[in-house]
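# Analysis of the macromolecular model
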Amino acid sequence: MTTRTVCHPVDWQDAPLLDTQTLADDLARHFHYTLGRDKVGESQHYLYQALALTIRDRLVARMRQTREENANKRSVAYLSLEFLIGRSLNNAILNLEMEKEVKAALANYCAELERVGEAEHDAGLGNGGLGRLAACFLDSCAAMALPVTGYGIRYEYGMFNQRIENGYQIEQPDHWLHEGHPWELPAPDKTVRVKFFGHVDVHKDPSGRLHRVWVDTHDVFAVPYDVPVPGCGNDVVNTLRLWKSEATDEFDLSEFNAGGYAEAVAKKNLAEQISMVLYPNDSSENGKELRLRQQYFLCSASLQDRINRWITINGEDFTEFADYHVFQLNDTHPSIAVAELMRLLVDEHELSWDTAWEITTKTMAYTNHTLLPEALERWSVALFQRLLPRLMEIIYEINARFLVEVAKKWPGCSDKQRALSLIEEGDYPQVRMAYLAIVGSYSVNGVAALHSQLLREQLFKDFYDLWPEKFNNKTNGVTPRRWLAHCNPKLAALINSKIGDHWVKDFSEISQLRRYYDDQALLKDWAQVKYENKQKLCELVEKQCGVKFDPQMMFDVQVKRIHEYKRQLLNILHVIHLYRRICDGDTEGMVPRCVLIGGKAAPGYDMAKQIIKLICNVAHTINDDPKAQPWLRVAFLPNYNVTAMETICPAADLSEQISTAGKEASGTGNMKFMMNGALTIGTLDGANVEMLEALGGEHFFVFGAQVDEVDAIRANYDAMNIINNDSNLSAVIALLESGHFNLCEPGIFNPIVNVLKSNSDPWLTCYDFASYCKAQEQVAIAYQDKNQWTQMSVLNTAASGPFSSDRTIAQYSQEIWQLQHTMNSQGE
Ligand SMILES: *Cc1c(COP(=O)(O)O)cnc(C)c1O
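Residues numbered from 1 in each chain as written. Predicted model: local features only at pLDDT ≥ 70, side-chain atom pairs only at ≥ 80, totals over all residues. Heavy atoms only, no water.

## Observations concerning the pairing of strand 8 (residues 192–196)
- Judged by how many residues are buried, strand 8 sits mostly within the fold: 4 of 5 residues are covered.
- Of the pairings in the sheet, the one linking strand 8 to strand 11 (residues 218–230) comprises 5 bridges and is antiparallel in character. Residue pairing for strand 11: K195 is matched across the bridge by D219. (Buried < 20%, exposed > 50% of the residue type's maximum accessible area, 1.4 Å probe, protein only. Helix = DSSP H or I, 4+ residues; strand = E, 2+ residues; numbered from the N terminus. Pairing = 2+ DSSP bridges.)

## Observations concerning the packing of aromatic side chains
- Applying the stated criterion across every chain, the model contains 23 aromatic pairs.
- On the basis of an interplanar angle of 40° and a centroid distance of 5.3 Å, the ring pair of Y812 and W817 is categorised as tilted. In this structure, Y812 and W817 share a single accessibility class: buried.
- Following the ring pairs from residue to residue traces out a cluster consisting of Y78, F83, F137, Y812 and W817.
- The ring of W410 carries K409 above its face, with NZ or CZ at 5.9 Å from the centroid.
- The ring of W483 is capped by K672, whose NZ or CZ atom sits 4.5 Å from the centre of that ring. (Phe/Tyr/Trp six-rings, centres within 6.5 Å; stacked < 30°, edge-to-face > 60°. Lys NZ or Arg CZ within 6 Å of the ring centre and 35° of its normal.)

## Here we look at the site of the ligand
- What surrounds the ligand is the set G128, G129, W483, K560, K566, Y640, N641, V642, G667, T668, G669 and K672.
- One of the side-chain nitrogen or oxygen atoms of K560 is found 2.8 Å away from an oxygen atom of the ligand.
- At 2.6 Å from an oxygen atom of the ligand is found a side-chain nitrogen or oxygen belonging to K672.
- Protein coverage of the free-state accessible area of the ligand, which is 400 Å², stands at 96%.
- Residue composition of the shell around the ligand, by class: 3 nonpolar, 6 polar and 3 charged. (Near = heavy atom within 4 Å. Polar contact = N/O pair within 3.5 Å; in protein donor to acceptor, adjacent residues only side chain to side chain. Areas by Shrake-Rupley, 256 points an atom, 1.4 Å probe, with all protein chains shown as cover. Nonpolar A, V, L, I, M, F, W, Y, C, P; charged D, E, K, R; others polar.)

## Considerations on the pattern of salt bridges
- Per the counting criterion, the structure on display carries 48 salt bridges.
- The residue R241 makes a salt bridge to D305 at a minimum N-O spacing of 2.9 Å. Here R241, found in strand 12 (residues 237–247), pairs with D305, found in helix 10 (residues 289–314); they are 64 residues apart in sequence, far enough to count as distant.
- Owing to a relative accessible area of 7%, R241 belongs among the buried residues under this scheme.
- Residue class for D305 comes out buried when judged on its relative accessible area of 9%.
- E737 is the partner of K757 in a salt bridge, and the nearest nitrogen-oxygen pair spans 2.6 Å. One end of the pair, K757, is in helix 30 (residues 750–757); the other, E737, is in helix 29 (residues 727–737), with 20 residues separating them in the sequence.
- Each of D26, R29, D57 and R58 takes part in a single network of salt bridges with overlapping partners. (Salt bridge = Lys/Arg side-chain N within 4 Å of Asp/Glu carboxyl O.)

## Examining helix 2 (residues 44–70)
- The end-to-end C-alpha separation of helix 2 is 38 Å, in line with the 39 Å expected for 27 residues at 1.5 Å each.
- The buried fraction of helix 2 amounts to 19 of the 27 residues, a majority that puts the element mostly inside the structure. (Expected span 1.5 Å × (residues − 1).)

## Quick word on the nonpolar core
- By size, the foremost hydrophobic cluster in this structure holds 141 residues, and its most contacted members are I55, F196, F384, I395, F402, F463 and W817.
- Sequence-distant contacts of I55, defined by excluding residues within four places in its chain, comprise L89, A92, I93, L96, M98, V102 and W183.
- Grouped together as the second largest cluster of nonpolar side chains are 67 residues, I572, Y605, Y772 and M792 included. (Core = buried A, V, L, I, M, F, W, Y, C linked by side-chain atoms within 4.5 Å. Contact = heavy atoms within 4.5 Å.)

## With respect to the sheet that holds strand 22 (residues 632–637)
- What the 6 strands build is an open sheet, ordered 22-21-20-23-24-25; its pairing is parallel. Whereas interior strands pair on both sides, the edge strands pair on one side only; in this sheet they are strand 22 and strand 25 (701–702).
- Direction of pairing for strand 21 (residues 593–598) relative to strand 22: parallel, over a ladder of 6 bridges. By the bridge assignment for strand 22, L596 is matched with A635.
- Against the sheet, helix 32 (residues 786–798) engages strand 20 (554–559), strand 23 (654–657), strand 24 (679–682) and strand 25, with an angle of about 85° to strand 24. (Axes fitted to C-alpha atoms, helices over the stretch in contact; angles between N-to-C directions.)

## Quick look at the environment of V557
- One can find V557 in strand 20.
- For the pair formed by V557 and L573, sequence separation is 16 residues and the distance between their alpha carbons is 15 Å.
- Filtering out sequence-adjacent residues up to four positions away, V557 remains in contact with L596, I648, A652, L654, S655, E656 and F673.

## Here's the deal with the packing of helix 21 (residues 520–545) against helix 32
- Viewed as axis vectors pointing N to C, helix 21 and helix 32 meet at an angle of 85°, and their least axial separation amounts to 10 Å. By the angle between their directions, the pair helix 21 and helix 32 is classed as roughly perpendicular. Of the residues in helix 32, those touching helix 21 at Q520, L522, L523, W526 and A527 are N787, T790, Q791, S793, V794 and T797. (Parallel < 35°, antiparallel > 145°, perpendicular 65-115°, else oblique.)

## Describing the packing of helix 1 (residues 20–34) against helix 2
- At a minimum axis separation of 8 Å, helix 1 and helix 2 run at an interaxial angle of 125°. Looking at the two axes, helix 1 sits oblique to helix 2. The two elements helix 1 and helix 2 meet at a crossing, and its hand is right-handed. Along its contact with helix 1, which presents T22, L23, D26, L27, R29, H30, F31 and T34, the element helix 2 presents Y46, L47, A50, L51, L53, T54, D57 and R58.
- For the contact of helix 1 with helix 2, the per-class residue count stands at 8 nonpolar, 4 polar and 4 charged. (Left-handed = near helix turned anticlockwise from the far one by under 90°.)

## A short note on helix 32
- For helix 32, with 13 residues, the first-to-last C-alpha span of 18 Å sits near the 18 Å given by 1.5 Å per residue.
- Counting buried positions along helix 32 yields 10 of 13 residues, so the element is predominantly enclosed.
- All buried positions along helix 32 are accounted for by W789, T790, Q791, M792, S793, V794, L795, N796, T797 and A798.

## Here we look at the confidence of the model for the protein chain
- Here the protein chain averages 94 in pLDDT, while 96% of its residues score no lower than 70.
- Confidence drops under pLDDT 50 across residues 1–10; counting only partners more than four residues distant or on other chains, this segment forms 8 contacts.
- Within the model, the stretch residues 824–828 combines pLDDT values under 50 with 8 contacts to residues more than four positions away or in other chains. (pLDDT = per-residue confidence, 0-100.)

In structure tokens form, the structure reads like this:
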């Protein structure tokens, strides 16, 4: 053990040491001095804060070193309106590989790391899959020592907290910064200015050249807060830079002089609104002005930041700028970056249009995340004109030049021009943000093989015909650090005992587990770990829902945002079907199950909220019925978030991934469950297709209409005919209609029943019901052979290697980012 000598102060360039004694000293210093506490035990919260600050010291030093090392490298800015990080403490300790030392240092306070960590609030700066993907990507980039910086917004209020009252969702604000956020470092010296409103003037310079100047703007400051992103075991700490909006000190002088001091100061609040709240809509349009302001605020601030950094080193010479920068756009949300980079280069740095366009189209890369039409962002031209007049001009110019290319490709075809134009014509013309992203980018990728194929063949077919070389696939992944090593320590230890711990950094190694699928000792331990994880989930479910789950029963789990396309409704119809069978005494071949469903509904999405109400009411009826007790228990878990998932995915036996084929772009929840040894019941949708391929069909319960069938099915859809010809389904619907689950609230589920019966049900719920029930029967049969089930569980974990975000990021790095460049002008 090393001890520090008092007369040799730590060199600021050296990272603080990781040994127990130094750690314990720093912990005491932060506890007693930084936080000014004396009594240990009065609150876990202060101990958590002191530990977080102690760990942060170690991260900050490494963050500075990493920045210096990366200063001359080609680098990526990952632009995303969402980063769903969850908790940071345990993740940092795991990645710094200092768990033993931390536990020892905490022993002085008679505190356990697990309890202390529970004082941390989730950083919920995202809605669901897209935001969590961004967080997994940052972890993988750091683990692989890639120079990638995340750029996002420091929302004052993150994803709302969900409570359930009488079965209804109640949204409560998530003021996550209230008790302070020790994982961030403000960097006010890197503040930039972002313009809004105003108008465009034309100026002639002395040489006669015309300049367009955006004037009379209302400006906002963007102040960066840096969050360290530690790599696993490699001393790399990357940066997530989150922007907070602040008012400038400029006041409306006329208002001031008229004595309106208080009024003038109060107006500053408008600027601060921009980073106030995350829009809680997942996969659907956020058509509000404030949302467009957020998007532009993020893009303008982040691009200025990269340009400022470039200018400090290279001056105003942009010749090599494109060799050293990539801007990866996480969905269309930051696609205004295409126009903003043009504006910065042409207006502020005086490059010609053609040079600026070449730089833009060599640095922008766009990831599409959804095929749902309601998620394709469009902004009204009128709003754009008012909020961002100069950007609107630039988009018109980009469009005019682009339409010339379209005309060359399809001569005389005005239909094509209309179809591909960045501006959708009509009474209220709109800007098509996805098209802006495609036109301005050198790479366009989908997030699973099937999804990328559908982009090429359907949604973006014309663009694919025009530029096939831009299109590529990058199947999503999740980080095996958080989603196995950290969240399932018992399984991780068991795996280590067989194949060592290299899998944490090289997840392809996990396939070695396959060799042990017949090892009876391993199978016994594997089942025991699952059992203990289920006990832990039982505690959570009992505490949160008041429902007693039994770890002997099968845990059948569906957690994700509530959305019609994800078909929580199909799941609950099956639950009702099982309940009916139990009531009829028909339990032949049935296996006792605990069904857990969780997820948030967008506050304005009525149907999703009704589905939550239905799940809660069905759960209540079933849990209250003594006949059902031995066979079936149902719970709706409130406030599903990253931390809840860390307890849920290690405990699941069966993972529900049952979206209508062609609707789920990839899914990542499916991968977390697979890694933790759950078996999947699922449709051939998103990354399920690749999971099944990796696994072999016999270990995956597949059902439902396939992508190449759904159009034909929809064309001749006759829901009543399906219902009338399926006695199980008609009985389930009859029970629903009878009011059995809503005795005191007659009629509340009519809208749900109506959709099920409708010939225009886009989700084809009735169509897939019979094959879903059949697959569920196969599940039940398989679960009865405990030994074989455990073998399949091992095989699932063993086959999950390709679904590590390290694999995904290696492909981004090689095929899109081409990260090996170093700036040689810097005299390496
Ligand atoms: C992984 C994850 C998601 C994404 O789940 P899907 O099943 O892919 O929709 C959403 N929310 C949280 C909190 C997650 O951890």
